[in-house]
Amino acid sequence: MGRFRAYYDDGIVVEYENSRFVIDPLKKPVTPFNAVLITHGHRDHVNPRVLYNVSPLIMSDETARIIRARDGDYLRHITVGPGSRLVIDNVLVESFNAGHVVGSLSYVLDFGDLRVGITGDFNVEPSILLSGAKGLDVDVLIMEATYGDPDYVFPSRREVYEELRAIVDDGTRDGVTVLMGQPLGRGQELTALLKDYQLYVEPSIKVINNVLGLRYGSVASGLPPPWLRHHYGNPQRHHAPH
Ligand SMILES: [Zn+2]
């Protein structure tokens with residue numbers, strides 16, 4: 001095996017022999033690199049302002065659309081998706097579903113005699129929108145661990161969904177239920193889960209939903225409609241779990 005090095009420098013850098021790949025850089029990636037890969041659209045993984053004129057830049061179509069809708073940045077990129085295999089300077093770049101948010105990918109860099117996996121944020125449990133991430137067949141795995149501590153044990157998605165529906169049923173009987181979540185991620189999951197209710201969606205979620213084809217609910221422009229407004233002073237407020 002040749003020289004292998006992986007480190008974090010406002011982004012994950014993977015070096016093997018004469019190759020260098022940069023994943024999710026939050027600052028202008030240091031040259032030279034063979035490619036820059038983006039795993040998903042969360043702002044702690046992508047900063048569009050540092051990606052202008054970065055080439056080759058690799059991401060999913062959904063991630064590119066999310067960035068364009070949310071940030072107004074159009075980034076020239078190579079589109080990949082789960083199952084994609086791309087050769088860049090003799091390195092095979094494979095893409096896999098990460099199961100985290102719409103468009104999220106894990107990558108494997110196959111250098112011939114070394115396979116390096118980068119999970120990005122990932123989730124092995126299927127959701128109403130996404131299938132769960134599968135294991136990666138690699139020699140070295142670089143893994144995100146936001147909830148890596150074994151103390152984090154969450155109920156199953158099915159239980160969470162049932163509980164959420166019960167909260168919404170209860171709250172909407174004589175008022176409004178307000179659910180809060182990140183615009184990218186919980187925003188789409190809650191929209192899909194509650195699409196059959198009288199649904200209002202906050203604009204920052206709506207712009208992302210629209211480019212992903214999740215055209216459910218009306219835009220909530222600050223206040224619920226007049227016929228509900230007298231209830232609004234005391235809404236049922238619940239935070240969705242992370
Ligand atoms: Zn994320």
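Residues numbered from 1 in each chain as written. Predicted model: local features only at pLDDT ≥ 70, side-chain atom pairs only at ≥ 80, totals over all residues. Heavy atoms only, no water.

With respect to the coordination of the zinc ion
Stage number 1. Coordination of the zinc ion by the protein is provided by His40 (NE2), His42 (ND1), His100 (NE2) and Asp121 (OD), with metal-donor distances spanning 2.2 to 2.3 Å.
Stage number 2. Geometry at the zinc ion is irregular, judged from the four donor atoms that bind it and their angles of 94 to 159° at the metal.
Stage number 3. For the zinc ion, the donor residues sit on a single chain with the sequence spacing H-x1-H-x57-H-x20-D. Exposure class is identical for histidine 40 and histidine 42. Each is buried. (Donors = N, O, S within 2.8 Å, 3.2 Å for Na, K, Ca; no water. Tetrahedral: all angles 85-135°; square planar, octahedral: opposite > 155°, others 65-115°. Buried < 20%, exposed > 50% of the residue type's maximum accessible area, 1.4 Å probe, protein only.)

Section: the sheet that holds strand β10 (residues 115-118)
Stage number 1. A sheet is described by the order of its strands in space; here five strands give the open sequence β7-β8-β9-β10-β11, paired in mixed fashion. The open sheet has two edge strands with one neighbour each: β7 (85-88) and β11 (140-142). For this sheet the average axis-to-axis angle between neighbouring strands, irrespective of direction, equals 20°.
Stage number 2. Taken together, the four bridges between β7 and strand β8 (residues 91-97) define a ladder with antiparallel strand orientation. Note that in β8 the partner of valine 87 across the bridge is leucine 92. (Pairing = 2+ DSSP bridges. Helix = DSSP H or I, 4+ residues; strand = E, 2+ residues; numbered from the N terminus. Axes fitted to C-alpha atoms, helices over the stretch in contact; angles between N-to-C directions.)

Digging into the domain arrangement of the chain
By a widely used convention, the size of an interface equals the accessible area lost when the partners come together.
Stage number 1. Each assigned domain of the chain is listed with its residue range as follows: domain 1 (4-142) and domain 2 (157-239).
Stage number 2. With centres defined by C-alpha atoms, the gap from domain 1 to domain 2 works out at 31 Å.
Stage number 3. With 15 residues of domain 1 in contact, the opposing surface of domain 2 contributes 14 residues.
Stage number 4. Approximately 1300 Å² of surface area, both sides summed, lies buried where domain 1 meets domain 2, with 73% of it carried by carbon and sulfur atoms. (Domains from an automatic or database assignment. Contact = heavy atoms within 4.5 Å. Buried area = accessible area lost by both parts, 1.4 Å probe.)

Notes on the packing of aromatic side chains
Stage number 1. In this structure the tally under the stated criterion is five aromatic pairs.
Stage number 2. Measuring from centroid to centroid gives 5.0 Å for tyrosine 16 and phenylalanine 111, while their planes differ by 50°, and the two rings are tilted. Pair noted here: tyrosine 16 is in strand β2 (residues 12-16) and phenylalanine 111 is in the loop between β9 (105-110) and β10, with a separation of 95 residues, a long-range link. Grouping residues by exposure puts tyrosine 16 and phenylalanine 111 together as buried.
Stage number 3. Between tyrosine 147 and tyrosine 152, the aromatic rings sit 5.0 Å apart at their centres with planes inclined by 80°, giving edge-to-face as the arrangement.
Stage number 4. Judged by its relative accessible area of 45%, tyrosine 152 falls in the partly exposed class.
Stage number 5. Each member of the aromatic cluster is reached from another via a ring pair, and the members are Tyr16, Phe21 and Phe111.
Stage number 6. The ring of tyrosine 216 has lysine 195 lying over it, and the distance from NZ or CZ to the ring centre is 5.6 Å. (Phe/Tyr/Trp six-rings, centres within 6.5 Å; stacked < 30°, edge-to-face > 60°. Lys NZ or Arg CZ within 6 Å of the ring centre and 35° of its normal.)

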